[in-house]
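# Architecture and fold: a report
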Amino acid sequence: MRNLPIIALDFKSAEEVNTFLDQFDEELCVKIGMELFYQTGPEFIQSLKKRGHDIFLDLKLHDIPNTVSKAMEGLARLDVDLVNVHAAGGLKMMEEAKKGLRKYNPDTKIIAVTQLTSTTEAQLREEQNIQTSIEEAVLHYARRTHKAGLDGVVCSPLEAELISQELGPEFMKVTPGIRPKGAAQNDQQRITTPEDAKVLGSTHIVVGRPITQSDDPASSYQNIKESWLG
């Protein structure tokens with residue numbers, strides 16, 4: 001996965017995505033989540049690969065180990081650049097996910113979601129019954145992900161520094177919740193600017209609405225890319 005800002009393609013149809021991407025004259029890194037994948041399927045992923053874009057397929061698999069392993073065998077054939085699971089599925093599930101992916105694909109990176117960037121500490125305690133801080137919960141999941149042999153985690157930039165200190169700078173920290181100065185927070189809770197994310201140790205950033213809902217997406221992307229790459 002190239003070290004460019006990853007644009008979250010939170011659209012409902014292939015037509016909307018293609019209209020959006022036609023505004024750019026360069027190859028991008030893009031994220032396809034559940035909303036888009038369930039509407040368009042594997043064929044659309046292949047069309048984006050033909051356009052030269054790197055793809056993060058963000059399906060957050062979370063099921064029993066055997067089911068996740070078999071699902072990863074299928075996703076391996078799509079030849080995307082990055083896939084993910086939920087670390088809450090446990091060590092065995094993550095190990096089986098990697099095994100399923102590697103059966104047909106030696107190159108795609110696999111990471112695990114720790115806590116969503118929309119999760120607050122109150123939700124962590126009251127809804128998940130995890131009686132620690134966000135930072136401790138995320139670091140615990142990161143340790144388990146590393147032990148399972150995965151390539152990194154999805155976390156907020158606010159936890160990236162802690163994870164780098166313990167698991168090393170090469171362990172991927174893919175961080176949503178990126179907002180340029182002055183942008184709306186929306187439903188994200190644990191957020192930073194692209195510049196701060198880099199300082200904190202993020203290896204990749206994911207940006208959605210500040211680009212996709214901008215009046216000038218290409219210009220907004222360039223500004224974020226310059227801030228991120230320095």
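Quick look at the structure, then. If you're wondering where the values come from, they're calculated on a predicted model, not measured in any experiment.

## Considering the packing of aromatic side chains
- Applying the stated criterion to the full structure yields four aromatic pairs.
- Ring geometry for Phe11 against Phe20: centres 5.3 Å apart, planes inclined by 45°, an arrangement best described as tilted. For the pair formed by Phe11 and Phe20, the shared burial category is buried.
- What links up through ring pairs into an aromatic cluster is the set Phe11, Phe20, Phe24 and Tyr221.

## Here's the deal with the pairing of strand β7 (residues 172-175)
- Residues of β7 alternate between two faces, with Met172 and Val174 on one and Lys173 and Thr175 on the opposite face, all of them buried.
- Here three bridges tie strand β6 (residues 152-154) to β7, and the two strands are oriented parallel to one another. By the bridge assignment for β7, Val153 is matched with Lys173.
- Taken together, β6, helix α7 (residues 157-167) and β7 constitute a β-α-β crossover, and its handedness is right-handed.

## Overview of the sheet that holds β6
- Spatial ordering of the closed barrel is given by β1-β2-β3-β4-β5-β6-β7-β8, a layout of eight strands whose pairing is parallel. The mean inter-strand angle of the sheet, taken between neighbouring strand axes irrespective of direction, is 25°.
- Across three bridges, the pairing between strand β1 (residues 6-8) and strand β2 (residues 29-33) is parallel. Opposite Ala8, over in β2, you have Lys31 as the bridge partner.

Thresholds, definitions, all that
Residues numbered from 1 in each chain as written. Predicted model: local features only at pLDDT ≥ 70, side-chain atom pairs only at ≥ 80, totals over all residues. Heavy atoms only, no water. Phe/Tyr/Trp six-rings, centres within 6.5 Å; stacked < 30°, edge-to-face > 60°. Buried < 20%, exposed > 50% of the residue type's maximum accessible area, 1.4 Å probe, protein only. Helix = DSSP H or I, 4+ residues; strand = E, 2+ residues; numbered from the N terminus. Pairing = 2+ DSSP bridges. Right-handed = clockwise from strand over helix to strand, strands pointing away. Axes fitted to C-alpha atoms, helices over the stretch in contact; angles between N-to-C directions.

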